[in-house]
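Structural description and commentary
The chain contents come next:
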Amino acid sequence: MNLKVIAFDADDTLFVNEPYFQETEHKFCALMSDYLSQQGLSQELFRVEIQNLDLYGYGIKGYILSMIEAAMRISNNTISIEIVAKIIEYGKELLQKPIELLDGVEETLAALHGKYKLIVATKGDLKDQQSKLHRSGLGHYFHHIEVMADKQELNYEKLLKRLEINADEFFMIGNSLKSDVLPVLEIGGYAVHIPFHTTWEHEKISHTVEHPNFKTLEKITDVLPILL
């Protein structure tokens, strides 16, 4: 490999994210429990989220709006202003969650720093992702932070163009096969999957991945023997 850039996903690769969304979803389901079962509420919220992705993109602010819209649909537009206020409060709590680094992250970044150009390649709300990275204390390791509208082949191709590198000089590390691995392999890059113990339903795929440029590793420090 003739690698120049090592890219890291942020949420659930560098620091904890999905469990906080699940915690908020449980609060939403408890708040709306008079209307549907927990399963029914979760399904309706997910349906609204997916319908709104093209409008809101990924991130907490879009999630808050989707919770409010789902609550209105579920209640046939009869929810009180107090319930709306509570949902907004849940969203603000989500935006202010503490940053919990995953095991081995700082050790890995410190070992690779100065040997490659390290970047963050994530998706979501720009302000929220920048805030999380700043609060994580990891910002000084990275040459570039890319908050992408989505993680499809075209998005990665645009990123490589900005970085002025070829696909075979790019190595992506992340927890999502759908977003961090498959599109990178399709354009000719290298990708490593480091599974997190829980994954958002939208990020799941139903097939295994086999490719010469791909590995699944147990933990983030396992990339060091490959890259050093």
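A brief structural summary. For clarity, every value in this text was computed on a predicted model and none was experimentally measured. (Residues numbered from 1 in each chain as written. Predicted model: local features only at pLDDT ≥ 70, side-chain atom pairs only at ≥ 80, totals over all residues. Heavy atoms only, no water.)

**Quick word on the overall build of the protein**
Cut-off, in case you're wondering: Secondary structure elements are taken from DSSP: a helix is a run of H or I of four residues or more, a strand is a run of E of two residues or more, and numbering for both begins at the N terminus. For this measure, only C-alpha atoms enter the radius of gyration; the expected value for a globule follows 2.2 Å times N^0.38, where N is the number of residues. Buried means the residue's accessible area, taken with a 1.4 Å probe over protein chains only, is under 20% of the maximum for its type, while exposed means over 50%, and partly exposed covers the values in between. Note on contacts: a residue pair is in contact if any heavy atoms of the two residues lie within 4.5 Å. All accessible-area figures derive from a Shrake-Rupley calculation using a 1.4 Å probe, and residue coverage is judged against the displayed protein chains alone. Charge counting treats Lys and Arg as positive and Asp and Glu as negative, with His and both chain ends excluded. Every charge is mapped onto a representative atom, which is NZ of Lys, CZ of Arg, CG of Asp or CD of Glu.
In terms of helices and strands, the protein carries nine helices and six strands. For 228 residues, the compact-globule estimate of 2.2 N^0.38 gives 17 Å, and the protein sits close to it at 19 Å. For the C-alpha atoms alone, the extent of the protein along its principal axes is close to 60 × 35 × 30 Å. Per-residue burial over the protein gives 52% buried out of 228 residues. For the protein, contacts bridging at least 24 residues in sequence account for 70% of all contacts bridging at least 6. A total of about 11,500 Å² of accessible surface is found on the protein, and carbon and sulfur atoms cover 50% of it. Charge centroids of the protein, computed over 22 positive and 34 negative side chains, lie 4 Å from each other.

**What about unusual backbone geometry?**
The backbone of Asn76 sits at a positive phi, close to 55°, despite the residue not being glycine. Examined against the element boundaries, Asn76 turns out to sit in the loop between α3 (60-74) and α4 (81-95). Phi angles above zero are rare outside glycine, and Glu164 is one such case at about 60°. Take Glu164: it is sitting in the loop between α7 (153-163) and β4 (170-174). With relative accessibility at 71%, the residue Glu164 sits in the exposed group.

**Description of the side chain of His193**
Quick note on the threshold: Two N or O atoms count as a polar contact when they lie within 3.5 Å, although within protein this holds only if one can serve as hydrogen donor and the other as acceptor, and sequence-adjacent residues are included solely when both atoms are side-chain atoms.
Along the chain, His193 falls in strand β5 (residues 190-193). Within polar-contact distance, the side chain of His193 engages the backbone oxygen of Asn175 at 2.9 Å. Among all residues touching His193, those that are not within four sequence positions of it are Gly174, Asn175, Ser176, Leu177, Val181, Phe214, Lys215, Thr216 and Leu217.

**Here we look at the pairing of strand β3 (residues 144-148)**
Quick note on the threshold: Strand pairing is assigned whenever DSSP detects at least two bridges linking the two strands. Crossovers are marked right-handed if the path from the first strand over the helix to the second runs clockwise, as seen with the strands pointing away from the viewer.
Relative to β3, strand β2 (residues 117-123) runs parallel, the two being bridged by five bridges. Each bridged residue has a counterpart across the sheet, and for Val120 the counterpart in β3 is Ile145. Once the chain exits β2 it traverses helix α6 (residues 126-136) before rejoining the sheet at β3, and the crossover so formed is right-handed.

**Description of the environment of Ala30**
Topologically, Ala30 is positioned in helix α1 (residues 18-31). The spacing of Ala30 and Gly62 is 32 residues in sequence and 20 Å in space, taken between C-alpha atoms.

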